[in-house]
Amino acid sequence: MELPFAESYKIKMIESIRKSTREEREEWIAAAKYNLFNLRSDQVFIDLLTDSGTGAMSDKQWAEMMLGDESYAGASSFFKMKNAIKNILGFDHFLPTHQGRAAENVLFSAMVKTGDLVPGNTHFDTTKGHIEFRKATAVDCTINEAFDPSIIHPFKGNIDLQKLETVLSNNASERIPVIIVTITCNSSGGQPVSMQNLKEVYKLASQYKIPVFFDSARFAENAYFIKTREKGYADKSIKQIVKEMFSYADGMTMSSKKDAIVNMGGFVAFKDVELYKKASVYNIMFEGYLTYGGMSGRDMNALAQGLDEGTEFAYLETRIGQVAYLGQKLLDHGVPVLVPFGGHAIFIDAKKFLSNIPREEYIAQSLAVEIYIEGGVRAVEIGTIMADRDPITRENRYPELELIRLALPRRVYTNNHMDYVAATIINVFERRNQIKRGYKIVSEAPILRHFTVELEKI
Ligand SMILES: *Cc1c(COP(=O)(O)O)cnc(C)c1O
């Protein structure tokens, strides 16, 4: 018989989680004003709110924690991280930061000014936030296929070269300080960018002399998709693919809470020493001295080790395989999920799932609450509540898609947990026709309301 797939690691330390009763969960979610961010983590059985900083570190990463050098300047931990970035990603210069958005803040402080345009595939919300904060504009040049949740395309994160060329040719190059390519594209569902596309974007950008930076939180997952989907890469190692990917960039920002499998950390890396020097000033101002910038020595050590483990095929196959395992279970039972499955998360189309609820009553949020009540599983709403109000009219913005996201922490849950999650959602799916009413907002913040919004059942 053919030997089945099995995880590429075993468990050395465990953390208890407790099941609750439906009655307890109904009480807790009402007390949390039907906002899942307000729940305490011990009120959640399986937490799929995010894959950011929620991964399980390995024995080797924990061993590295003990070896951390906490010297203010010139710590050996800094050089460990420098070597890992040079060897795995290929960049000579880098600045450590406390997380991904801090890397964006440092880089954009050096590059982006009022009135600028920053084209790319769909920018992540903190990236867009840092661009708009500087009164510049993020221009979305993603291929059209990305916006249809049912079209099968292997690289839905790709940039439409025509759209990009239009932006580059219609505007003075002084107004376009940088192109940002997000790998994988988080905002369009963890969808990858092909090597071919990275190469072509870089070529086009070079013609206009505009630098390309990768927003690289899930670069290793992107490399896995290149290996398994793109012609010519099946026999290359993930580390070879990663090296080639970054050869088509002038630098990168990184949220290490994703593919470097640490709980906190980030960095910005550069090919060009002059730009590195320019950004260094902002790193010292906002993050910390050049050789620690917002990270402790032990965290830099764990990050260096995590970059190595995160770019191993066996690990990525286990991780992305688990995401697909959950997605396929849901699909087999008719649950409307986005395809192809993303690298880090499964997205459920809430409008198709709960077709009785009017959009004014927050369809995706209603579904996230039902799933929590059913099985203690926490997902996140990516729908009307997150889309917020129009800044001028103050009316709700109703996005094309009402989604909930099930993001899987790295190396944390087993496939039994995935069976439990799938059964929870399938149970709600089977009683979907009885769910007819949603929620109304009783209190909300003027921006980023989803974190603190308070709701009442209608
Ligand atoms: C998470 C993330 C960020 C921001 O990183 P933080 O570590 O959360 O500050 C930026 N870009 C992408 C694509 C991300 O997924």
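Just so we're clear, the structure is a prediction, and the values are computed from it rather than from any experiment. (Residues numbered from 1 in each chain as written. Predicted model: local features only at pLDDT ≥ 70, side-chain atom pairs only at ≥ 80, totals over all residues. Heavy atoms only, no water.)

Caption draft 1: Structural view of the overall build of the chain. Helix and strand counts for the chain stand at 16 helices and 14 strands. Here the chain has a C-alpha radius of gyration of 22 Å; the compact-globule value for 458 residues is 23 Å, and the two agree. C-alpha atoms of the chain, sized along the principal axes, occupy 60 × 55 × 45 Å. Within the chain, counting contacts between residues at least 6 apart in sequence, those at least 24 apart form 71% of the total. Accessible surface, the chain: about 19,900 Å² in total, of which carbon and sulfur atoms supply 53%. Positive and negative side-chain charges in the chain, numbering 55 and 58 respectively, have mean positions lying 1 Å apart. (Helix = DSSP H or I, 4+ residues; strand = E, 2+ residues; numbered from the N terminus. Rg over C-alpha atoms; globule rule 2.2 N^0.38 Å. Contact = heavy atoms within 4.5 Å. Areas by Shrake-Rupley, 256 points an atom, 1.4 Å probe, with all protein chains shown as cover. Lys, Arg positive; Asp, Glu negative; His and termini not counted. Charge placed at Lys NZ, Arg CZ, Asp CG, Glu CD.)

Caption draft 2: Expanded view of the domain arrangement of the chain. Domain boundaries assigned for the chain yield domain 1 (22–51 + 312–457) and domain 2 (60–309). Here the C-alpha centroids of domain 1 and domain 2 sit 28 Å apart. Facing the 21 residues of domain 1 at the interface are 26 residues of domain 2. Surface buried jointly by domain 1 and domain 2 totals about 2,100 Å² across both partners, of which 57% is contributed by carbon and sulfur atoms. Inspection of the domain 1/domain 2 interface yields 6 salt bridges. (Domains from an automatic or database assignment. Buried area = accessible area lost by both parts, 1.4 Å probe. Salt bridge = Lys/Arg side-chain N within 4 Å of Asp/Glu carboxyl O.)

Caption draft 3: The arrangement of the pairing of strand E3 (residues 117–120) in detail. Residues Leu117 and Pro119 line one face of E3 and the alternating positions Val118 and Gly120 line the opposite face, and both faces are buried. Taken together, the 4 bridges between E3 and strand E4 (residues 137–140) define a ladder with parallel strand orientation. Of the residues in E4, the one forming a bridge with Val118 is Ala138. A crossover links E3 with its parallel partner E4, the connecting element being helix H5 (residues 125–133), and its sense is right-handed. (Buried < 20%, exposed > 50% of the residue type's maximum accessible area, 1.4 Å probe, protein only. Pairing = 2+ DSSP bridges. Right-handed = clockwise from strand over helix to strand, strands pointing away.)

Caption draft 4: Representation of the layout of surface pockets. What the second largest pocket holds in volume is close to 1,800 Å³. In this structure, the second largest pocket is lined by 47 residues; those nearest its centre are Met13, Gly55, Ala56, Arg411 and Val412. Contributing elements (two or more residues each) for the lining of the second largest pocket: helix H2 (59–66), helix H11 (297–310), helix H12 (313–332) and helix H16 (415–430). Of the residues forming the lining of the second largest pocket, the biggest block, 6 residues, is contributed by H12. (1 Å grid on protein atoms, 1.4 Å probe; cavity = no way out; pocket = protein on both sides within 12 Å on 5 of 7 lines; lining within 4 Å. Points joined across faces, edges and corners; volume = space filled by probe spheres on them.)

Caption draft 5: Fine view of the packing of aromatic side chains. Taken as a whole and assessed by the stated rule, the structure comprises 18 aromatic pairs. Look at Phe78 and Phe79: their rings are 5.1 Å apart centre to centre, the planes differ by 85°, and that puts the pair in the edge-to-face class. According to the relative accessible area criterion, Phe78 is buried, its value standing at 8%. Residue class for Phe79 comes out partly exposed when judged on its relative accessible area of 40%. (Phe/Tyr/Trp six-rings, centres within 6.5 Å; stacked < 30°, edge-to-face > 60°.)

Caption draft 6: The site of the ligand, seen in detail. Taken together, 14 residues lie around the ligand, and Gln99, Arg101, Asp215, Ser255 and Lys258 are the ones closest in. Between the ligand and Gly100, the relevant distance is 2.9 Å, taken from an oxygen atom to a main-chain nitrogen or oxygen of the residue. The contact in question runs from an oxygen atom of the ligand to an N or O atom on the side chain of Ser255, over 2.7 Å. Taking 380 Å² as the accessible area of the ligand by itself, protein coverage stands at 97%. Considering only residue class, the shell around the ligand consists of 2 nonpolar, 6 polar and 6 charged. (Near = heavy atom within 4 Å. Polar contact = N/O pair within 3.5 Å; in protein donor to acceptor, adjacent residues only side chain to side chain. Nonpolar A, V, L, I, M, F, W, Y, C, P; charged D, E, K, R; others polar.)

Caption draft 7: Inspection of the sheet that holds strand E11 (residues 380–382) at higher detail. Within the open sheet, the 3 strands sit side by side as E9-E12-E11. Their pairing is antiparallel. Looking at which strands have only one partner, the edges of the open sheet turn out to be strand E9 (345–349) and E11. Neighbour to neighbour, the strand axes of the sheet diverge by 30° on average, direction disregarded. With 3 bridges connecting them, E11 and strand E12 (residues 403–407) associate as antiparallel partners. (Axes fitted to C-alpha atoms, helices over the stretch in contact; angles between N-to-C directions.)

Caption draft 8: Region of the structure containing the side chain of Asn197. Relative to the helices and strands, Asn197 is located in helix H7 (residues 195–207). Classification of Asn197 as buried rests on a relative accessible area of 4%. Once you skip the residues sitting within four places of it in the chain, Asn197 turns out to touch Asn158, Ile159 and Leu161.

Caption draft 9: Region of interest: the pattern of salt bridges. Under the counting rule described, the total for this entry stands at 29 salt bridges. Linking Asp92 and Lys86 is a salt bridge whose minimum nitrogen-to-oxygen distance equals 2.8 Å. A residue is classified by how much of its surface remains accessible, and Asp92, at 37% relative accessible area, is partly exposed. The exposure class assigned to Lys86 is partly exposed, which follows from its relative accessible area of 36%. Arg431 serves as the salt-bridge partner of Glu374, at 2.9 Å between the closest nitrogen and oxygen. Taken together, the residues span a long stretch of sequence, with Glu374 in helix H14 (residues 363–375) and Arg431 in the loop between H16 and strand E13 (439–443) at a distance of 57 residues. The burial state of Glu374 is the same as that of Arg431; both residues are buried. Salt bridges linked by common partners bring Asp51, Arg218, Glu221, Asp259, Arg319 and Arg410 together as one network.

Caption draft 10: Expanded view of the nonpolar core. If you look at the biggest cluster of nonpolar residues, it comprises 62 residues, and the most contacted ones within it are Leu89, Val181, Phe219 and Phe267. Residues lining this core come from more than one domain, with at least three contributed by each of domain 1 (22–51 + 312–457) and domain 2 (60–309). In this structure, Phe219 is in contact with Leu89, Ile183, Val242, Met245, Phe246, Met254, Asp259, Leu307 and Thr311, ignoring residues within four places of it in sequence. Leu36, Leu326, Leu330 and Val428 belong to the second largest nonpolar core, which has 51 residues in total. (Core = buried A, V, L, I, M, F, W, Y, C linked by side-chain atoms within 4.5 Å.)

Caption draft 11: Spotlight on a nonpolar patch on the surface. On the surface, Ile447, Leu448 and Phe451 cluster together into a nonpolar patch covering about 330 Å² of accessible area. Note that Leu448 resides in the loop between E13 and strand E14 (454–457). (Patch = residues over 30% accessible without salt bridge, like charges linked within 9 Å, V, L, I, M, F, W, Y side chains within 5 Å.)

Caption draft 12: Layout of the environment of Val139. Assignment of secondary structure puts Val139 in strand E4. What Val139 contacts, discounting residues up to four positions off in sequence, is Leu117, Val118, Pro119, Gly120, His123 and Val167.

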